[in-house]
Structures are given as structure tokens and as C-alpha cells.
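# Coordinate analysis (summary)
In case you want the letters, here they are:
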Amino acid sequence: MSNVEEFPIEARRTTEYEALMSAASSVLNAIPGAVYLCDHEGWLVRYNDDAARIWGRTPALGVERERFCGSHALFLPDGTPLAHDVCPMAKAVYEGAEAHNTEVVIERPDGSRRTVLVNIRALKGPKGEIQGAINCFQDISSQKVMEEELRHKNADLEDFFENSAIALHIVGRDGIILRANKAELELLGYTAQEYIGRHIAEFHADAEVIGNILSRLGRGERLDRYPARLRAKDGSIRHVLITSNSRLEDGEFVNTRCFTTDVTNLHEAEVGRRESEERLAATYEAATIGIAEADASGRLLRVNDALCRMLGLSRDKLLTMSFYDYTHKDDRERDAASYARQTRGELDSYVLRKRATRGDGRTIYLDIHSSSVRGEDGEFRYGVRVIQDVTAVKQMEDQIRSSEQHLRVLLEALPAAVYTTDAEGRITFYNKAAVEMSGRTPEPGDMWCVTWRLFNTDGTPLPHDQCPMAIALKENRPVRGAEAVAERPDGTRVPFIPYPTPLHDEEGNLVGAVNMLVDITERKQAESRQKTLIDELNHRVKNTLATVRSLTAQTIRHADNLDDFLVRFEARLLALARAHDLLTRRHWEDAPLESLARDVLTPLAGEAAGRVMLNGPSIELTSREALSLTMALAELGTNAIKYGALSSETGSLTLNWHLQGAAGSHSRLILEWQERGGPVVKPPTRRGFGTRLMEGCIEHDLRGEFDLVFYPEGVFCSISIPIWVEPA
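Residues numbered from 1 in each chain as written. Predicted model: local features only at pLDDT ≥ 70, side-chain atom pairs only at ≥ 80, totals over all residues. Heavy atoms only, no water.

## Notes on the overall build of the protein chain
Secondary structure assignment for the protein chain yields 20 helices and 31 strands. Computed over its C-alpha atoms, the radius of gyration of the protein chain comes to 71 Å, more than 25% above the 27 Å expected for a compact globule of 728 residues. Each principal axis of the C-alpha atoms in the protein chain carries an extent, and together these give about 225 × 60 × 40 Å. Among the 728 residues that make up the protein chain, the fraction classed as buried is 41%. (Helix = DSSP H or I, 4+ residues; strand = E, 2+ residues; numbered from the N terminus. Rg over C-alpha atoms; globule rule 2.2 N^0.38 Å. Buried < 20%, exposed > 50% of the residue type's maximum accessible area, 1.4 Å probe, protein only.)

## Some remarks on the sheet that holds strand 13 (residues 290-294)
Strand order in the open sheet formed by five strands is 14-13-17-16-15, with antiparallel pairing between adjacent strands. Looking at strand neighbours, the two that pair on one side only are strand 14 (300-303) and strand 15 (349-357), the edges of this open sheet. When strand polarity is set aside, the average angle formed by the axes of neighbouring strands in this sheet is 25°. With five bridges joining them, strand 13 and strand 17 (residues 380-389) adopt antiparallel strand pairing. Along strand 17, the bridge assignment pairs Gly290 with Ile387. (Pairing = 2+ DSSP bridges. Axes fitted to C-alpha atoms, helices over the stretch in contact; angles between N-to-C directions.)

## Remarks on the pattern of salt bridges
Taken as a whole and assessed by the stated rule, the structure comprises 46 salt bridges. For Arg353, the salt bridge is made with Glu397, and the minimal N-O distance between the two is 2.9 Å. In this pair, Arg353 is assigned in strand 15 and Glu397 in helix 13 (residues 391-413), connecting sequence segments 44 residues apart. For Arg353, a relative accessible area of 27% gives the class partly exposed. When its relative accessible area of 27% is taken as the criterion, Glu397 is described as partly exposed. Its salt-bridge partner being Arg401, residue Asp398 comes within 2.9 Å of it at the nearest N-O pair. Placement of the pair is Asp398 and Arg401 together in helix 13, with a separation of three residues, close to one helical turn. Among the residues examined, Asp398 registers a relative accessible area of 31% and is labelled partly exposed. (Salt bridge = Lys/Arg side-chain N within 4 Å of Asp/Glu carboxyl O.)

## Considering the confidence of the model for the protein chain
Residues of the protein chain with pLDDT of at least 70 account for 97%, and the chain-wide mean is 87. Helix 16 (residues 521-558) is the least confidently modelled element of the protein chain, averaging 76 in pLDDT, while strand 3 (residues 73-75) averages 95, the highest of any element. (pLDDT = per-residue confidence, 0-100.)

## What to know about the packing of aromatic side chains
Following the criterion strictly, the structure yields 13 aromatic pairs and no others. Plain terms: the ring middles of Tyr195 and Phe203 are 4.6 Å apart, the flat faces sit at 55° to each other, and that makes the pair tilted. Consider the rings of Phe323 and Tyr324, whose centres lie 4.3 Å apart with planes at 50°: the pair is tilted. Neither residue differs from the other here; Phe323 and Tyr324 are each classed as buried. Clustering of aromatic rings is evident, with ring pairs tying together Tyr36, Tyr47, Trp55 and Phe137. The positively charged end of Arg67 is found above the aromatic ring belonging to Trp43, 5.1 Å away from the centroid. (Phe/Tyr/Trp six-rings, centres within 6.5 Å; stacked < 30°, edge-to-face > 60°. Lys NZ or Arg CZ within 6 Å of the ring centre and 35° of its normal.)

## Some words on the nonpolar core
Core analysis: the largest hydrophobic core is formed by 49 residues, its most contacted members being Leu621, Leu629, Leu669 and Trp673. Listing elements by their share of this core, those giving two or more residues are helix 17 (562-585), helix 18 (593-605), strand 26 (612-615), helix 19 (623-642), strand 28 (652-660), strand 29 (668-676), helix 20 (689-701) and strand 31 (714-722). When residues of this core are assigned to their parent elements, the largest contribution, nine residues, is made by helix 19. Leu74, Ala92, Val118 and Ile120 belong to the second largest nonpolar core, which has 26 residues in total. (Core = buried A, V, L, I, M, F, W, Y, C linked by side-chain atoms within 4.5 Å.)

## Quick notes on the pairing of strand 17
As paired strands, strand 16 (residues 363-374) and strand 17 are joined by nine bridges and run antiparallel to one another. When the bridges of strand 17 are listed, Asp367 appears paired with Gln388. Hairpin connection between strand 16 and strand 17: a loop of five residues separates the two successive antiparallel strands, and Gly378 in this loop has a positive phi of roughly 85°.

## Comments concerning the environment of Ala73
With respect to the element layout, Ala73 can be found in strand 3. You can call Ala73 buried: its relative accessible area is 16%. Through-space distance from the C-alpha of Ala73 to that of Tyr284 is 89 Å; in sequence the pair is 211 residues apart. Once residues within four sequence positions are removed from consideration, Ala73 is found in contact with His84, Val105, Ile106 and Glu107. (Contact = heavy atoms within 4.5 Å.)

## Observations concerning the pairing of strand 31
The buried fraction of strand 31 is high, at seven of nine residues. As defined by bridge partners, strand 29 adjoins strand 31 across seven bridges and the pair is classed as antiparallel. Looking at the pairing, Trp673 lines up with Cys717 of strand 31. Relative to strand 31, strand 30 (residues 705-711) runs antiparallel, the two sharing seven bridges. Bridged to Tyr711 within strand 31 is Gly714. Hairpin connection from strand 30 to strand 31: two residues lie between these consecutive antiparallel strands.

## Some thoughts on the environment of Ala662
With respect to the helices, strands and loops of the structure, Ala662 is situated in the loop between strand 28 and strand 29. Accessibility expressed as a relative area gives 56% for Ala662, which makes it exposed.

## Details of the sheet that holds strand 11 (residues 237-249)
Strand order across the open sheet formed by five strands is 9-8-12-11-10, with antiparallel pairing between neighbours. The sheet terminates laterally at strand 9 (177-180) and strand 10 (223-231), the two strands that pair on one side only. Within this sheet the neighbouring strands show an average axis-to-axis angle of 30°, counted without direction. As defined by bridge partners, strand 11 adjoins strand 12 (residues 252-262) across 10 bridges and the pair is classed as antiparallel. Within strand 12, the residue paired with Leu241 across the bridge is Thr261. Packed onto the sheet, helix 5 (residues 141-163) meets strand 8 (167-172), strand 9 and strand 12 and runs at close to 90° relative to strand 9.

## Quick look at the packing of helix 17 against helix 18
Viewed as axis vectors pointing N to C, helix 17 and helix 18 meet at an angle of 145°, and their least axial separation amounts to 10 Å. Two packed elements cross with a definite hand, and for helix 17 against helix 18 that hand is right-handed. Residues Arg578, Leu582 and Arg585 of helix 17 pack against Ser595, Leu596, Asp599, Val600, Pro603 and Leu604 of helix 18. For the contact of helix 17 with helix 18, a count of residues per class yields five nonpolar, one polar and three charged. (Left-handed = near helix turned anticlockwise from the far one by under 90°. Nonpolar A, V, L, I, M, F, W, Y, C, P; charged D, E, K, R; others polar.)

## A few points about helix 8 (residues 207-218)
Counted at 1.5 Å a residue, the expected span for helix 8 with its 12 residues is 16 Å, and the 16 Å between its end C-alpha atoms agrees. Of all the residues in helix 8, the buried ones are Val209, Ile210, Ile213 and Leu217. End-on view of helix 8: buried residues confined to an arc of 95°, all on one side of the axis. In helix 8, those exposed residues whose orientation departs by more than 90 degrees from the buried face are Ala207 and Glu208. Packed against the buried residues of helix 8 are strand 10, strand 11 and strand 12. Gly220 occupies a position one or two residues after helix 8 and carries a positive phi of about 85°. (Expected span 1.5 Å × (residues − 1). Arc of directions from axis to C-beta.)

## Section: the side chain of Asn135
Here Asn135 is to be found in strand 7 (residues 130-139). A relative accessible area of 3% places Asn135 in the buried class. Excluding residues within four positions of it along the chain, Asn135 makes contact with Ala34, Val35, Tyr36, Met89, Val118, Asn119 and Ile120.

Rendered as C-alpha cells:
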């Protein structure tokens, strides 16, 4: 109710305007509030002290009156200037319009502003005409300030609620969602219409969990990061932590404010980490190789079953040990040195084969691959050691190595040159015989053959990439029946037969080849000797027949009778036959002088052979020299048996020889025939056939010198022939 309406009416016949105009100033000041009057033209006619205090001025009421309001200036609540002639008082005076609790802003002369709440009513006369208007207004500036502060606080609260990064929702006592901010809606993918107004249990994946949450909140308990699972609009499950408390009024539950922290990514990371740990643990245990973790000192932190089986030790036992404890003492220092470098960061990892002692005392071989696990700061945390039992492999390697060594020794022992290549023809192995045959040591990168140069049997060059070994590898087939000639770096040549054979693995793939080179020099020489022998035999047969013919003729001519002819002729034929036997045994090549002399003289001497002394160096005679000397020695021997020293029981025969001059073309062989102890020698009265035969053999056939002296004490014969002696 307006204060105006409660204004006392002193006389019913006077109008309200008249009564107010006639009231004393104390009456207006007694009104609890600011009040002022305007006449029917809007002129300010009365006001009380509260009005002047609010205006901050005391408007004149005399000649210079003011219209509609006593304020310095007016504004609407939004700050828009409000002219006095259109203010609520002007509308009341002009139009009779009333204003109830209308807010306007009054500006004082000092610039300060006050917000007032105006209530204006037009005052009418007996005939209904407007006599004036009264305005009762209150200063509500303090209230407006408080309202503004409250509005700002509410705005901040709303902003915090709506725009908070943390999901937030409010649930009523009946479990219905009353409000939810953007973060909450974005977390689950719902719109406000789809989310607000529904029961919170609809969005929880676990009924038991939301039941427990609501029960605890209903009892006034506080939840701090309570784990729950919410079902998003797309069907996915979001893992959240709920922090909530209850709002109670008079001990009654009103609602609850729930902060929802999305920890789905953290949960997934944790699940991933846990699964990774589980997979790692499963891998550890399922692995067929040993796995261990050790600290910087080598103490075992973790071992798997495979390592326990490998070492024959229990897990509990191993976890009280360091890996040095089961390492063989001779390998411990090497492993420790590498591990120390790894812990210091000098090595990222290292690989090691070492021996270890099992629980049952047996020694096994282990391949160790040690790597480091370091923290973000680079500091060593622990070492991971992957361990494989390679005892069987080691034994097999030893067997293979032994087998390879055995094969290598066998190949080295072969009297034939052997070498191998890889599939491309690079030489991978060769034995000593190969080096000896080729006259060189193969060099790295040599291809196809160990030889220096190759030739075909007709003397034309044979390139290495066309040799039998190259053909065997290129055509993947053994090559047989080929011959070639290898030339050594010193120019000598060796004929050989190769036997290249490709090598294959278990799948039949070509992996290389082996070749054996058989030196056929001797065979070639034998073939050459056979040809020479045949030629020599043909030549000797002709010469022998001529010699026999001459012996026959000369023996007949000088024989005393038939018996004498037979004896002399047979002796000379036997001597000739012995020389032939010796040369035949020597393939008509060089014959040792000592052997020749012994073969000739021993049969002739018979029982006196023990008194025949032969002295001289080893001399090789050609077949021509051997035949001529045989005939000469046979004649001298026959004479010694019949007439000389060997005809008695005390006589002796000495044949000395030596070389005169340097080896080579100027050498001469000097033979000295000396008989002693026999009957007194009488020089022959005539030169017989035997003497002429010896002179012919030595001086004619061999171009030597022959000197025969008949000393009384014994026959002396000196023979000197040129001879070829190989330089030493």
C-alpha cells in the first residue's frame, strides 16, 4: 500500500492535493521516506528533507521553480539519460499515469548517483481534474549494490558450473538429474535435453555401484574420487572418479553435487600397463630360453622357469644369487668386465658365450645377451639377460670342427692337389699338395683354380674362367676326362688331370665345388721313356746284333779251337747280356757305376769275388757309357780269372775310380784297374782281340783314353773317359 493512500485526510471537502499543500513542513518530514509534490503543470511545489538528501540539493520553490523532479539529472536503470519532462512524474501530471516501484537513477550535482524506487500517483480535484501529483521514493542504492554483487556472484557461479573443465551434475533426492554442465554432457555425449530429468542410474554401467553411491550420499557421507563406470551415448564405457557431497537442509537431503573426473585414458593406460606386465610375465614363463633381471651388482631380481630348469636350481635359490655365482670361474672375470661397462653406460648391450655350473655340478655352455634398462635420467635400473643353453650346439660345433679338422688333415695328407671353392668360384681351401703343384700360394680372391697359368694339352692358353672347375660350377656337373697343363711362376709346367665336382646342400642347392688335380708328370715321363726305350731298344738291337756279329767273327779268328771259341764267345755274350740286364732294369737310362762293375765282375770272379775291391764315388753312367765299360771290364775280368791275380788263391783285384775336373762338360771319369798277388805277369807277345775290343770301346765309342800295362806284380789298366756330371 502506498504511503499516499495512508496519508490522513483532515477534511473530506478538501482535495488531497490541497491537503498536502496546506500541511505543515513537519508533516512532510514525518513521512518515513522521501516525498515531493508537483502542481498540475509539473512545477515542484513541496518536498521533504529526505527528498533533498537523496537529491543532494534543495531546489527552489519560489519564482525559479523546477518542474517534475528536484534531482540534478535522471537516468534509466540501464544508464540511459532520462529527461525530466518525460520522467514518470511528468507522465503522472500530463496523463494521470501512475508509477509503482519504478526504478530510476538520480544523479547529484557532485556526480554521484543513487538508485531510487518511485511510486507516483496523480492527485485529482472534485471534478476529476489533475491538480498535481505526489512522488514517494526510496533510496535503494545499497540494495542495488547488493543485488549487483549477488548477480555477479550468481553469474560467476553459473559460469563456473557451465564452463568448468570438470564434469559436474546435480542430482535430486529422488535420483533425478537436475543440472549438468557442458563438461558432463560432452563427457557422455548427451544433450541437456537427453540427460537432465533422467535418473542417474540410467547412465551407470554398474547398478550396484550407483546404488551404493546414492545410499552413501543419502546418509550425508562424502565421496572422494569414488570409481564408477558411466555409459556414454555411443555405448562406450567411460571410467570416472566421482567426488560428491550432499546438500542438507534442516537435516533433510536436498540434492547432491557430483564432480565427475574422466579417467578413461588413465584407466586404459593402466589396463595396458597391467596387460603389458601380464604379457611380459607370460612371455617370461612361456619362453623356452632363460630370462633374468639383475641389479647393478649382478644380483638376480627376476628369473623365469626356463632358467631354473636350465641351471637345475629353484627360483628361490636363484633369487639369493648373482649370475656370477653360477658362472664358471674361468669365465667370471670376462662377464663381470662387460657387465661393469654396461652398468656404467659404456655399452648398451653385449653378447657372451660362457660356461656355467648347474646345480648337479655339470658344466653347460650358455649364450648371454645382456641389455640395459635405464630410467628417464639415464641411470642404470637393471639388466635384462636372455640366456640360451647352447651345450648341445657347442658339442655339435666341436664335432663339426673336429670333423672339419679331420677332413682338413685328410685333405692335407692326400698326395694329390685338392682345393675347394664357393658357389661363385672363389677359392676357400687348398692343401699343401696344391701349393706344391702350382708352385704358388693362392691369394685371397683367386677364382676357379689354384694354378698360376693354364694351358691346353696342345700348348694353347686356357683361361681360368674356362677351366674344368669353372665349367663344373657354371654347368653344375662333374667334369671328367679332361687334361690340362699348369705353369708355375718359375716357368715349369705340370700336366695334370682335374676332377672338379660340384657340392650341394641338403636342399640340393649348389654351395661350391671340390677339385682334385692329379699330377701326371710321371705318367707322361713314363710314356716318354717308353717311347725312348722302344727307340733305344730298336737302336740297341741293331747295334747288339752288329756287336755279336763282330764278336763272333773276331772270336772265331783268334780262337785256338772250337772249345776256346765257345768259352770266349759265351763270356763276351754274358758280359753283353749283363749290361743289357742292368740297363733294362734302369729303363735304359743312367746306370750306377758301382752296380755295373759289381754285376760284371762278381759272376766272373766266382769264389774270388771276395778279393775284388771296388772304391769310388757314386757315378751315374749313360747307357752308351755303361755298355762300353761293361765290355772293357768283362775283358779285363776274364783275363784276371784266367791268367791274372784272380787265377791264384792269394791274388786280389782293386778297381778305383774318381772324377777329375769340375762338374759339367769338362769332367772326366778316371778308372784304375790294379791286380796284385797273382802269378808273375808276362807281357803278351801280340795284341789280342780283347785288347783291341777294349781300346775300341773306350777310345772309339767313348772317345776316352785306354792304357794297359803288364807289370810283373800285376796288370794295371787306366781308363779315362769324358763324362757329364750334374752340378751339385
